[in-house]
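# Coordinate analysis (summary)
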Amino acid sequence: TRRGTSVGQVNQPRSPEPDPYAVMRPQRGRVVAIALATVVFLAFTYAAVTVPGRDRQKGDWSLMDRGLIFILGAAIAWFIWRFATIKAVPSPTGIVVRNLLITRRLTWPEIVRMQFGGGAPWASLDLYDADTVAVMAIQKADGAHGRPLAGRLAALVHVHSSAPEPEPREPRDPDDPRDPSQGPG
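Below: a short report on this structure. Quick caveat: nothing in here was measured; it's all calculated off a predicted structure. (Residues numbered from 1 in each chain as written. Predicted model: local features only at pLDDT ≥ 70, side-chain atom pairs only at ≥ 80, totals over all residues. Heavy atoms only, no water.)

### As for helix α3 (residues 146-161)
Short version of the rule: Think of it this way: any DSSP run of H or I at least four residues long counts as a helix, any run of E at least two long counts as a strand, and we number them from the N terminus. In a helix, the anticipated span is given by 1.5 Å times the number of residues less one. Only heavy atoms enter the contact rule, under which two residues are in contact if any of them lie within 4.5 Å.
Over its 16 residues, α3 extends 22 Å from the first C-alpha to the last, a length consistent with the 22 Å expected when each residue adds 1.5 Å. Close packing links the buried residues of α3 with β1 (87-90), β2 (94-98), β4 (111-115), β5 (122-127) and β6 (132-139).

Next up, the structure:
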């Protein structure tokens, strides 16, 4: 056998480059949100089922009370679950940013730059109209997971929003009749 390979080992082709348009999601926040939403839902469901029954004693819980406990637990769990669904989905035409409550669809030309510094807990996109969109899918709390995502998004913004610079024109002679900026006459 050749040095460095064992009998029966096949040289594997190098893995392809990662997809620049792969979905971006937070790592730690997602796991915590899924676990917490599950615990809250189960705890409120258990409470709705096990509260004292209706024996005409003071403090008994009616069927409506139980239903409201369950609905409250389901609403809280849904809100927490939204943290788990935070993501950014880039494509060749733009990016869809799903944050906690709002989903924004942006085209690349709308985006001026991406920021992932200072005291902000997540990345943000500065738009041409002076608006800023938080990208909660890329979080500093994710450390080694968040930095490559920020780099990938910054590269996408750079590639898609940078138009070629127009070539400088030579100054024209104001008396030249071929100058189209001069009106007739």
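We are not done yet, so read on.
### A word on the nonpolar core
Across soluble globular proteins, you tend to see nonpolar side chains buried next to one another. Cut-off, in case you're wondering: In this description, a nonpolar core means a group of buried Ala, Val, Leu, Ile, Met, Phe, Trp, Tyr and Cys residues linked to one another through side-chain atoms lying within 4.5 Å. Think of it in three bands: residues with accessible area under 20% of the maximum for their type are buried, residues over 50% are exposed, and the middle band is partly exposed, with areas taken using a 1.4 Å probe on protein chains only.
By size, the foremost hydrophobic cluster in this structure holds 23 residues, and its most contacted members are Ile95, Ile111, Leu125, Val135, Ile138 and Leu153. Elements with a contribution of two residues or more to this core: β2, β4, β5, β6 and α3. Core analysis: the second largest hydrophobic core is formed by 6 residues, Ala37, Ala77, Ile80 and Ala84 among them.

### Here's the deal with helix α1 (residues 28-50)
The first and last C-alpha atoms of α1 sit 33 Å apart over 23 residues, in line with the 33 Å expected at 1.5 Å per residue. Of the positions making up α1, those classed as buried are Ala33, Ala37, Val40 and Ala48.

### Things to note about the packing of α1 against helix α2 (residues 63-84)
The condition is simple: Here an axis means a line fitted to C-alpha atoms, over the contact stretch when the element is a helix, while the angle between two N-to-C directions is reported on a 0 to 180 degree scale. For this classification, under 35 degrees means roughly parallel, over 145 means roughly antiparallel, 65 to 115 means roughly perpendicular, and everything else is oblique.
The contact between α1 and α2 brings their axes to 8 Å, and the two run at 175°. The angle between the axes of α1 and α2 places the two elements in the roughly antiparallel class.

### Looking at the sheet that holds strand β3 (residues 103-107)
Rule in force here: Here, strands pair whenever DSSP counts at least two bridges between them.
Reading across the sheet, the 3 strands line up as β1-β2-β3 and stay open at both edges, with antiparallel pairing between neighbours. The sheet is open, and its two borders are formed by β1 and β3, each paired with just one other strand. On average, adjacent strands in this sheet sit at an angle of 15° to one another, irrespective of strand direction. Two elements, β1 and β2, share 4 bridges in a ladder whose sense is antiparallel. Counted as the bridge partner of proline 90 is isoleucine 95 from β2.

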